[in-house]
Amino acid sequence: MLHVASIALVNAFWMCEAAARAGDSPASQAASAPSDAPDVELPTDPDELLLKGYYERAAEAYARQAETPARKLPATIGLARCKLRVGAYDEAAELLNQAEALVATKASENKRTNRVSAEWHTTLAETLAAHGKYDDALTHLRAALELDRTAYTARTRLGEMLEMLGRRDEAIEVYRFYDELLVQRVPETAEQVTAAAVGFYRFTVLTRHPNLNDRTDHVLHELLQQAYERLDRAYWPARIAAADLLAAKFNFSEEHGAVNDYKAALRINTNLPEAHVGLGKIALDGWDFEEAERRAKLALDINPNYVPALDLRAALKLQERRYAEAIATAEKALAINPNDLYALGLAAAAHLCRPEDAAPEGVQDGRPAQDPSAALRRRAEALNPCSAIFHAIVADTLGGLRQYQASEAEYLRAIECEPTDPNPRCELGMMYMQWGREDKARAALEAAWALDEYNQRTKNTLDLLDLLEGFASHETPHFIVRYDKNTDSVLAEYFGQYLEQIYSDVTADYDTPLDEKTVIEIFPTHRQFGVRITGKPWIHTVGACTGRVIALDSPRRHPQLQGPYNFARVLRHEFTHTVTLAATHNRIAHWFTEGLAVYQENSPRSFDWAQLLAEAARRNELFTLESLDWGFSRPRKPTDRQMAYAQSEWMCEYIVERYGFDTINKLLAAFRNGQSQKGVFTSVLGIAPEVFDAEFREWARNQVKAWGFPLDPPEDPIKLRALALIDSSNAGLLGRLATAEYDADEHERALDAARKALAIDAEQPQALRVLVKLLEIALSNPEISAAARAAAEEEAMPLCERLMKADPASWAGPRVAGTIALRRGDYPKAEACFTTLKRLCPLDTTSFRGLAAIYLQRGNSDAALPDLLQAAHSEEHDADIPLNVARIYDRQGKLPDARHWYRQAIYIDPFALAPHEGLA
């Protein structure tokens, strides 16, 4: 994010200049409160009403003032500012234009009238800038300064607009005024101090002042903080200015960072679109897409024509890879301001990402003359021949798609356009980290740090590079394993051996040998792993691939780690990403690379995933090809991300079964050639994505049926509630209601309906099934007390017995009863239940684990072996299962089998001593 202040901030200055004007204001009788404002006594001064966000009431008061000839011009300016705050730009311009003759009359009468006339020019400049008429806006800003040298807001806006248009030297000269002013004195009003602080900071940055850090401190603490704490606590633009400055440095802290200041501004005035957009940008940076969308909507509810809010929404759609929606939203912004460089950059980036907009091979520079992204680039260059904003947006987007070379070129151009801005250098360094070019990353990040030692993301990544430089390396023919020798040296050789074992298999499957060695980096803390991947200290997974580089959490047990996991499965998964990304020049659809990575794990589908998939098929809630990527990037439900992984693999399984594995490589080749997903499916499979979705859904339902899951759709609980009121003694109806409430996650209602049904018919199967499932959920809570557990078990056991008789095909009864019996040491009962469960639902590994535990407890390891093997194939976190398998084979003298399973135990818990001893 480049620190060229948005129009929003300076709009705030202009709007608040009215509060500095002298003159009495007639009391307004009422005021329209800002959204969610408390019920308090409202001010009567229209300037104060405007400052606090009561725009409609302020407008009414200004309109009444305008009826007095002596007050007509300042009141008209105030009224126009009210219109600007709610996006009525044309109305504001009309009001100001009608007052032009009055301005000409007032000019040069005296100092005070000059000041009012300067305010007219400044406000008109805002209306012109809102529609992208920058040359006219510049003219009026200069006119304002000719009339009033203390029109600091006009001066700051003039400098910012010149910066935006690439007229850097002119901007420096405009800002130089503040460098000279603040040596002599500090302005007296909060509005003047805020404008001076922003201008002084920009002068410091643009001139590469050697005391940048001290001056940044001065701006934040001695100017802006003084403005909003000492001069005027209600002057929220000072808070916005501080927040914008901190946000540009990635200081998003709730206590002392940008979030704190944005929220402080909203506590003064709840109708601040600039604060909502600022918070929305922070949310988007943290991948909180729901919050980013919410903030964009809040801003647009206040001002439907607020271009920065539309830019935020377009950036959100772009990050979600909803390119058509990003383009449409950016075009909405451009319909309001056709010269908004952010919107031009966002639209151009979105077009670059759309395969259907790609140039045919052989076209000069890879893009045709009629290419929409090229047309948008020309529009941006007409405004600013070297716009750092435009190039940085395009670079960010291309980097996110792992188009690293193209991204590098755009970042370098952004740096060339604005050499004083550290953020393009920082983001270039982050991109080099993803690319695996740590030497280039350090150079870019150190250059960014030299420009700005406040940037938190730069600091995080430089600290990480220092850590990486201290890592030890273990090199094999195709891999470089990097690790902290003080904590993770035991991992290196195992990682290298395993990766070499799988290299030929994975690269051969996709016919893609790799030109460079793949780098594996093992991080001693999850925070460092998060910084490595995103520049931020948290990421939701334990492994990630950015192409040539695979980063992982160490699988140690430690408070700063997520604990042991099957590192062999994770390595195979992430290396598959490396190969499929290489096979497609990083153009593979997200769902497809994830699906193939899971497919390559060569592990049985977990029962949890089978349940997720079955329930989605039952409810007709499977993702489509179009929506599947959104399950990863913008999950709507807690289970959506896991569902996206599971369904992506399921789709790959379907493609292989229906069309053969060779089709996978044909699909990869089509993606590599730059085809859209629709084009890929049409050209390779001969069907449109919508047809594929329909055929896949039918196949999926047949799969679910073969697994033994029900496919009848959930019933409507509201309808059943109404029926139950009429026929409250119908146990079957109440059982259906209990099931419907359970399906709707209304567990309290489900419990109530189930108990009522069982009070009428103690053998009602649906009610029994629901009640047993609810008790199972309660028993699985790790925080349940001993007394509560005992009570739940006492209730559950007879219910399970009745359920097994009333519905012999139900899995819930034997699973819950077997688990309780095993915990109580009732092995005959547990064995009978788990044997039944294994017959009814072989996908559920509860039976295998339970039976193996019983046989091992009895000392019959040979009997336990088949069940242990079934459980071990799907186990990711429990090293004891493969360890027991290895020991059994060891005792049987089957040493190759024992060796294999000792290694499997090490793959899950490499820091446990026993499997190493057994393997040795």
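Up top is the structure.
1. Description of the overall build of the chain
Here is step 1 of the chain: Regarding its fold elements, the chain presents 47 helices and five strands.
Here is step 2 of the chain: In terms of overall dimensions, the chain is globule-like: its C-alpha atoms have a radius of gyration of 33 Å, near the 29 Å expected for 920 residues.
Here is step 3 of the chain: With respect to the principal axes defined by its C-alpha atoms, the chain has extents near 105 × 75 × 55 Å.
Here is step 4 of the chain: By residue count, 57% of the 920 residues in the chain fall in the buried class.
Here is step 5 of the chain: Nonlocal contacts in the chain, meaning residues at least 24 apart in sequence, comprise 62% of its contacts between residues at least 6 apart.
Here is step 6 of the chain: The averaged location of the 134 negative side-chain charges in the chain is 1 Å from the averaged location of its 103 positive side-chain charges.

2. Structural notes on the pattern of salt bridges
Here is step 1 of the chain: Counted by the stated rule, this structure contains 60 salt bridges.
Here is step 2 of the chain: In this structure, Lys459 and Asp463 form a salt bridge, with 2.9 Å as the shortest nitrogen-oxygen distance. Residue Lys459 and its partner Asp463 are located together in helix α25 (residues 456-469), separated by four residues, close to a single helical turn.
Here is step 3 of the chain: Judged by relative accessible area, Lys459 falls into the partly exposed class, the value being 37%.
Here is step 4 of the chain: The exposure class of Asp463 is partly exposed, given its relative accessible area of 38%.
Here is step 5 of the chain: Put simply, Glu621 and Lys637 hold a salt bridge, and the shortest N to O gap is 3.5 Å.

3. Some points on the packing of aromatic side chains
Here is step 1 of the chain: For the coordinates displayed, the defined rule picks out 32 aromatic pairs.
Here is step 2 of the chain: Ring plane angle 80° and centroid distance 5.5 Å describe the contact between Phe177 and Tyr178, whose orientation is recorded as edge-to-face. Both residues of the pair, Phe177 and Tyr178, belong to the buried class.
Here is step 3 of the chain: Across from the ring centre of Phe177, 4.0 Å away, lies the NZ or CZ of Arg155, which sits over that ring.
Here is step 4 of the chain: Here the basic side chain of Arg239 rests over the ring of Tyr228, its NZ or CZ set 3.9 Å away from the ring centre.

4. Notes on helix α9 (residues 152-164)
Here is step 1 of the chain: The end-to-end C-alpha distance of α9, which contains 13 residues, comes to 18 Å, matching closely the 18 Å that a straight helix rising 1.5 Å per residue would cover.
Here is step 2 of the chain: Taken across its 13 residues, α9 has 13 buried, putting it largely inside the fold.
Here is step 3 of the chain: Just downstream of α9 lies Gly166, where phi reads positive at about 85°.

5. Digging into the sheet that holds strand β1 (residues 472-475)
Here is step 1 of the chain: Ordered in space as β1-β2-β3-β5-β4, the five strands form an open sheet in which the pairing is mixed. Two strands bound the open sheet, and with one partner strand each, they are β1 and β4 (543-545). Sheet twist, expressed as the mean angle between neighbouring strand axes with direction ignored, is 15°.
Here is step 2 of the chain: Where β4 lies against strand β5 (residues 549-553), three bridges are found, and the strand directions are antiparallel. Looking at β5, one finds that Gly543 is bridged to Leu552.
Here is step 3 of the chain: Sheet strands touched by helix α27 (residues 526-534): β3 (518-523), β4 and β5. Its angle to β5, the strand with the most contacts, is close to 155°.

6. A word on the packing of helix α29 (residues 590-599) against helix α32 (residues 640-659)
Here is step 1 of the chain: Axis separation between α29 and α32 bottoms out at 7 Å; the angle between their running directions is 80°. It follows from the interaxial angle that α29 and α32 lie roughly perpendicular. Together, Trp591, Phe592, Glu594, Gly595, Leu596, Val598 and Tyr599 of α29 and Tyr645, Ser648, Glu649, Met651, Cys652, Glu653, Ile655 and Val656 of α32 make up the contact between the two elements.
Here is step 2 of the chain: For the contact of α29 with α32, the per-class residue count stands at 10 nonpolar, two polar and three charged.

7. Describing the pairing of β5
Here is step 1 of the chain: Of all five residues in β5, five are buried, a share of seventy percent or more.
Here is step 2 of the chain: Neither face of β5 is left uncovered, since the one carrying Val549, Ala551 and Asp553 and the one carrying Ile550 and Leu552 both have all their residues buried.
Here is step 3 of the chain: Across five bridges, β3 lies against β5 in parallel orientation. Considered in β5, the bridge of Glu521 is made with Ala551.
Here is step 4 of the chain: Between the end of β4 and the start of β5, which pair antiparallel, lie three residues, with Gly547 showing a positive phi angle near 120°.

8. Quick word on the nonpolar core
Here is step 1 of the chain: Core analysis: the biggest nonpolar cluster contains 131 residues, and Trp120, Met161, Tyr178, Val219, Tyr262 and Leu344 have the highest contact counts within it.
Here is step 2 of the chain: Looking at which element gives the most residues to this core, the answer is helix α11 (residues 190-206), with 11 residues.
Here is step 3 of the chain: Not counting chain neighbours up to four residues away, the residues in contact with Trp120 comprise Leu73, Ile77, Leu96, Ala99, Glu100, Val103 and His140.
Here is step 4 of the chain: In this structure, Val579, Ala646, Ala700 and Phe848 belong to the second largest nonpolar core, which totals 105 residues.

9. What to know about a nonpolar patch on the surface
Here is step 1 of the chain: Residues Leu723, Leu725 and Ile726 make up a contiguous nonpolar surface patch of about 360 Å² in total accessible area.
Here is step 2 of the chain: Secondary-structure assignment places Leu723 in helix α36 (residues 717-726).

10. With respect to the state of the cysteines
Covalently bonding the sulfur atom of one cysteine to the sulfur atom of another cysteine gives a disulfide.
Here is step 1 of the chain: With the rule as written, the count across this model stands at one disulfide.
Here is step 2 of the chain: The disulfide that involves Cys386 links it to Cys417, with 1.8 Å between the sulfurs. Here Cys386 and Cys417 share a disulfide; its torsion about the S-S bond, -95°, makes the bridge left-handed. Of this pair, Cys386 sits in the loop between α20 (372-383) and α21 (388-400) while Cys417 sits in helix α22 (residues 404-417), and the two are 31 residues apart along the sequence.

11. Digging into unusual backbone geometry
Here is step 1 of the chain: For Trp287, which is not glycine, the phi torsion reads 65° and is therefore positive.
Here is step 2 of the chain: On the secondary structure map, Trp287 appears in the loop between α15 (273-285) and α16 (289-302).
Here is step 3 of the chain: Accessibility expressed as a relative area gives 43% for Trp287, which makes it partly exposed.
Here is step 4 of the chain: With a phi close to 65°, Asp745 is a non-glycine residue in the positive phi region.
Here is step 5 of the chain: In this fold, Asp745 is placed in the loop between α37 (731-743) and α38 (747-760).

12. Things to note about the pairing of β3
Each regular strand carries side chains that alternate between the two faces of the sheet.
Here is step 1 of the chain: Within β3, six of the six residues are buried, which leaves the element mostly enclosed by the surrounding structure.
Here is step 2 of the chain: Of the two faces of β3, the one lined by Thr518, Ile520 and Ile522 and the one lined by Val519, Glu521 and Phe523 are each fully buried.
Here is step 3 of the chain: Bridge count for strand β2 (residues 479-483) against β3 is four bridges, and the pairing is parallel. By the bridge assignment for β3, Ile480 is matched with Val519.
Here is step 4 of the chain: At this point the chain moves from β2, through helix α26 (residues 489-509), to the parallel β3, and the crossover so formed is left-handed.

Rules of the game
Every chain begins its residue count from 1, and numbering advances along the sequence as written. Only residues with pLDDT of at least 70 are given local features in this predicted model, and only at 80 or more are side-chain atom pairs given and counted; all residues enter the totals for whole chains, interfaces and linings. Think of the side-chain values as coming from all heavy atoms in the structure, minus any hydrogens and water. Numbering of helices and strands runs from the N terminus; a helix is a DSSP stretch of H or I covering at least four residues, while a strand is a stretch of E covering at least two. The globule rule is 2.2 Å times the number of residues to the power 0.38, and the radius of gyration it is compared with is taken over C-alpha atoms. Exposed residues in this analysis have more than 50% of their type's maximum accessible area, buried residues have under 20%, and partly exposed residues fall in between, with area computed by a 1.4 Å probe over protein chains only. Contact between two residues is taken to exist if any of their heavy atoms lie within 4.5 Å; hydrogens are not considered. His is not counted, nor are the chain ends, whereas Lys and Arg count as positive and Asp and Glu as negative. In plain terms, the charge of a residue is placed at NZ if it is Lys, CZ if Arg, CG if Asp and CD if Glu. Each reported salt bridge corresponds to a side-chain nitrogen of Lys or Arg within 4 Å of a carboxyl oxygen of Asp or Glu. To pair, rings of Phe, Tyr and Trp, with the six-membered ring standing in for Trp, must have centres within 6.5 Å; the planes then decide the type, stacked if under 30 degrees apart, edge-to-face if over 60, and tilted in the middle. Placement of a positive charge over a ring is assigned whenever Lys NZ or Arg CZ falls within 6 Å of the ring centre and within 35 degrees of the normal to the ring plane. Expected span of a helix, by definition, is 1.5 Å for each gap between consecutive residues, and there is one gap fewer than residues. Any two strands with at least two DSSP-identified bridges between them are counted as paired. To get an axis, fit a line to the C-alpha atoms, keeping to the stretch in contact for a helix; angles then go from 0 to 180 degrees between the N-to-C directions. By the definition adopted for this analysis, an angle is roughly parallel if under 35 degrees, roughly antiparallel if over 145, roughly perpendicular if from 65 to 115, and oblique otherwise. Put simply, Ala, Val, Leu, Ile, Met, Phe, Trp, Tyr, Cys and Pro go in the nonpolar bin, Asp, Glu, Lys and Arg in the charged bin, and everything else, Gly too, in the polar bin. Only buried Ala, Val, Leu, Ile, Met, Phe, Trp, Tyr and Cys residues count toward a nonpolar core, and they belong to the same one when joined by side-chain atoms within 4.5 Å. Nonpolar side chains (Val, Leu, Ile, Met, Phe, Trp, Tyr) are joined into patches within 5 Å and like charges within 9 Å, using only residues with over 30% relative accessible area and no salt bridge. The protein chains shown are the only cover counted for residues, whose accessible areas, like all others here, come from Shrake-Rupley with a 1.4 Å probe. We call a pair of cysteine sulfur atoms a disulfide whenever their separation is within 2.5 Å. Here, the term right-handed applies to a crossover whose path from the first strand over the helix to the second runs clockwise when the strands point away from the viewer.

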